[in-house]
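Each chain is listed here by its residues.
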Amino acid sequence: MLMLIDTPDPRYRGEPEPEPEPGRGRHPNMRVWAPIGGSVVCFIVAYLVPPLVTFVLTIVALLLFFDGVLALLPSGDGLWSHHQ
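Residues numbered from 1 in each chain as written. Predicted model: local features only at pLDDT ≥ 70, side-chain atom pairs only at ≥ 80, totals over all residues. Heavy atoms only, no water.

### Looking at the overall build of the protein chain
And then number 1: On a plain count of helices and strands, the protein chain comes out with three helices and zero strands.
And then number 2: Put simply, the protein chain runs from its N terminus to its C terminus through helices and strands in the order α-α-α.
And then number 3: Counting all 84 residues of the protein chain, 12% fall into the buried class.
And then number 4: In the protein chain, 50% of the contacts between residues at least 6 apart in sequence involve partners at least 24 apart. (Helix = DSSP H or I, 4+ residues; strand = E, 2+ residues; numbered from the N terminus. Buried < 20%, exposed > 50% of the residue type's maximum accessible area, 1.4 Å probe, protein only. Contact = heavy atoms within 4.5 Å.)

Written as structure tokens, this is what we have:
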């Protein structure tokens, strides 16, 4: 545990961060479409398996769906950067 304290972090050395290699980053919409696609797959597989597995897969599918939908919300400071 104390080893973590003494470990230098490259983010705090003042060096610029290396630029990612071109073509290696994910598509920006994948943050939305990957969970929604996963939820569709879970719903399809849930139709084909026993009831207990269907229950678990349905819950996972709903979690993935809402994860994808909430990724559509604007990210910002606090409540979507609305200041009074």
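### Brief notes about the packing of aromatic side chains
Aromatic ring pairs are defined here through the distance separating the ring centres and the angle between the ring planes.
And then number 1: Counted by the stated rule, this structure contains one aromatic pair.
And then number 2: Between the aromatic rings of F65 and F66, the centroid separation amounts to 5.3 Å while the plane-to-plane angle is 75 degrees, which identifies the pairing as edge-to-face.
And then number 3: F65 gets classed as partly exposed once you look at its relative accessible area, which sits at 34%. (Phe/Tyr/Trp six-rings, centres within 6.5 Å; stacked < 30°, edge-to-face > 60°.)

### Things to note about the packing of helix α2 (residues 30-46) against helix α3 (residues 51-70)
And then number 1: Across the interface, α2 lies against α3 with an axial gap of 8 Å and an inter-helix angle of 160 degrees. Taken together, the axes of α2 and α3 are roughly antiparallel relative to one another. Between α2 and α3 lies a crossing of left-handed hand. Contacts between α2 and α3 pair R31, V32, P35, I36, G38, S39, C42, F43, V45 and A46 from the former with T54, L57, T58, V60, A61, L62, L64, F65, D67, G68 and V69 from the latter.
And then number 2: Here the contact of α2 with α3 is built from residues that sort into 14 nonpolar, five polar and two charged. (Axes fitted to C-alpha atoms, helices over the stretch in contact; angles between N-to-C directions. Parallel < 35°, antiparallel > 145°, perpendicular 65-115°, else oblique. Left-handed = near helix turned anticlockwise from the far one by under 90°. Nonpolar A, V, L, I, M, F, W, Y, C, P; charged D, E, K, R; others polar.)

### Some remarks on a nonpolar patch on the surface
And then number 1: Taken together, L52, V53, F55, V56, I59, V60 and L63 make up a surface patch of nonpolar side chains, about 650 Å² in accessible area.
And then number 2: Given a relative accessible area of 53%, F55 falls into the exposed group. (Patch = residues over 30% accessible without salt bridge, like charges linked within 9 Å, V, L, I, M, F, W, Y side chains within 5 Å. Areas by Shrake-Rupley, 256 points an atom, 1.4 Å probe, with all protein chains shown as cover. Salt bridge = Lys/Arg side-chain N within 4 Å of Asp/Glu carboxyl O.)

### Points about α2
And then number 1: Between the first and last C-alpha of α2 there are 23 Å, a value that for 17 residues agrees with the 24 Å anticipated at 1.5 Å per step.
And then number 2: Along α2, the residues that are buried comprise V32, P35, I36, S39, C42 and A46. The buried residues of α2 all sit within an arc of 115 degrees when viewed along its axis, so they share a single face. Across from the buried face of α2, at angles greater than 90 degrees, the exposed residues are W33 and I44.
And then number 3: Looking at the buried side of α2, the elements it contacts are α3. (Expected span 1.5 Å × (residues − 1). Arc of directions from axis to C-beta.)

### Section: the environment of V45
And then number 1: One can find V45 in helix α2.
And then number 2: Among the residues examined, V45 registers a relative accessible area of 34% and is labelled partly exposed.
And then number 3: A sequence separation of 13 residues divides V45 from T58, and the C-alpha atoms of the two residues are 9.4 Å apart.

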